[in-house]
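Structure assessment
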Amino acid sequence: MRLFPYLERFKQSASGPNTIEYKIGEIFGELRNRISSGYNLREIIDGLDGLRLRSQAEKHELSMLYEEKIKRMGNAGRNGGEYYTPRPLVRAIVQVVNPQIGESVYDPAVGSAGFLCEAFEFMRKGGSTGAQLSTADLDTLQCRTFTGKEKKSLAYVIAIMNMILHGIEAPKIIHANTLTENLSDVQERDRFDVILANPPFGGSERKEVQQNFPIRSGETAFLFLQHFIRMLRAGGRAGVVIKNTFLSNTDNASVALRQKLLTDCNLHTVLTAPAAPSRGRA
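Keep in mind that what you see is a predicted model, and the values were worked out from it rather than measured.

Reading the values: rules and limits
- Residues numbered from 1 in each chain as written.
- Predicted model: local features only at pLDDT ≥ 70, side-chain atom pairs only at ≥ 80, totals over all residues.
- Heavy atoms only, no water.
- Helix = DSSP H or I, 4+ residues; strand = E, 2+ residues; numbered from the N terminus.
- Contact = heavy atoms within 4.5 Å.
- Areas by Shrake-Rupley, 256 points an atom, 1.4 Å probe, with all protein chains shown as cover.
- Buried < 20%, exposed > 50% of the residue type's maximum accessible area, 1.4 Å probe, protein only.
- Pairing = 2+ DSSP bridges.
- Right-handed = clockwise from strand over helix to strand, strands pointing away.
- Arc of directions from axis to C-beta.
- Axes fitted to C-alpha atoms, helices over the stretch in contact; angles between N-to-C directions.
- Polar contact = N/O pair within 3.5 Å; in protein donor to acceptor, adjacent residues only side chain to side chain.

**Let's talk about the overall build of the chain**
Along its length, the chain carries 12 helices and five strands. If you take every contact in the chain between residues at least 6 apart in sequence, the share linking residues at least 24 apart comes to 71%. Counting every atom, the chain has about 15800 Å² of accessible surface; 52% of that belongs to carbon and sulfur.

**What about the pairing of strand E2 (residues 146-150)?**
With respect to burial, E2 is a largely interior element, five of its five residues being buried. Here E2 shows a buried face lined by Phe146, Gly148 and Glu150 and a second buried face lined by Thr147 and Lys149. Taken together, the three bridges between strand E1 (residues 105-107) and E2 define a ladder with parallel strand orientation. Looking across to E2, one finds that Asp107 is bridged to Gly148. Where E2 lies against strand E3 (residues 173-175), three bridges are found, and the strand directions are parallel. Considered in E3, the bridge of Glu150 is made with His175. Traced from E2 through helix H9 (residues 153-165) to E3, the parallel crossover comes out right-handed.

**Here's the deal with helix H6 (residues 87-97)**
Within the span of H6, buried status applies to Arg87, Val90, Ile93, Val94 and Val97. Along H6, the residues classed as buried sweep out an arc of 125° about the axis, all on the same side. In H6, the exposed positions angled more than 90 degrees off the buried face are occupied by Pro88, Gln95 and Val96.

**Regarding the sheet that holds strand E5 (residues 232-240)**
Taken together, the five strands give an open sheet; going across it, the order is E3-E2-E1-E4-E5, and neighbouring strands pair in parallel fashion. This sheet does not close on itself; its edge strands, each paired only once, are E3 and E5. Strand-to-strand twist across the sheet, computed as the mean angle between neighbouring axes with direction ignored, equals 20°. Against the sheet, helix H11 (residues 220-231) touches E1, strand E4 (192-197) and E5, its axis set at about 145° to E5.

**What to know about the side chain of Thr85**
Take Thr85: it is sitting in the loop between helix H5 (56-75) and H6. Given the relative accessible area of 5%, Thr85 is considered buried. Of note is the side chain of Thr85, whose polar atom sits 3.0 Å from the side chain of Asn198.

Written as structure tokens, this is what we have:
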């Protein structure tokens, strides 16, 4: 099978990292071909080749089909669905936070990149006012607005592909464990204007990773919450999802984090959503 290695080499031949060729190379550098029959792969390629993707509406339809596939993976209990956050919830948070052209938008637990994709769509359509964007505005959206980080290989690939399908040609998604970054090393240039995220909860990190945070906890969501606070620029805004037990837990980390939100942050709203089935992310 020579197709996947050929596509992976796009990364080396691309003119730079901010090109779609480079991103295609990154995607196929992470993927492993599991289609044992070359005839089946040929049929798949022929089927894809027959798709019409000339208009923006057709590309948008494909992106919606892609996200629906991710959602169904979660509903079926399959790997990949855990990275999907329900889109009505994402849209509501994006509309309330209201990111503006020229602001930097960050998701350090990017999953399938739902927050970044919805923020892009919201801003591309002129935000809450529906204002017409200039060519310079569109260039800013494409090249200098969105950053995401993801630890897991599958989610990393899904996020890049999802953003490309939504129209972001060279998404800045970094394949890394966000929580290994020491918060004391964060400088002003590292911070962002807007943070939108649904971090994984119920997981745990090693003791040496927990040492990167002033409030030690084995709960990944609590570590991410500290990361959000540290990475937010002064006057910035964040809309994040956190498990509801955070509001009532009496352990030291939960109490200390709630106190930090009330004293160090301008906490605006806490909204409790109805219970729903979850596989790691709300």
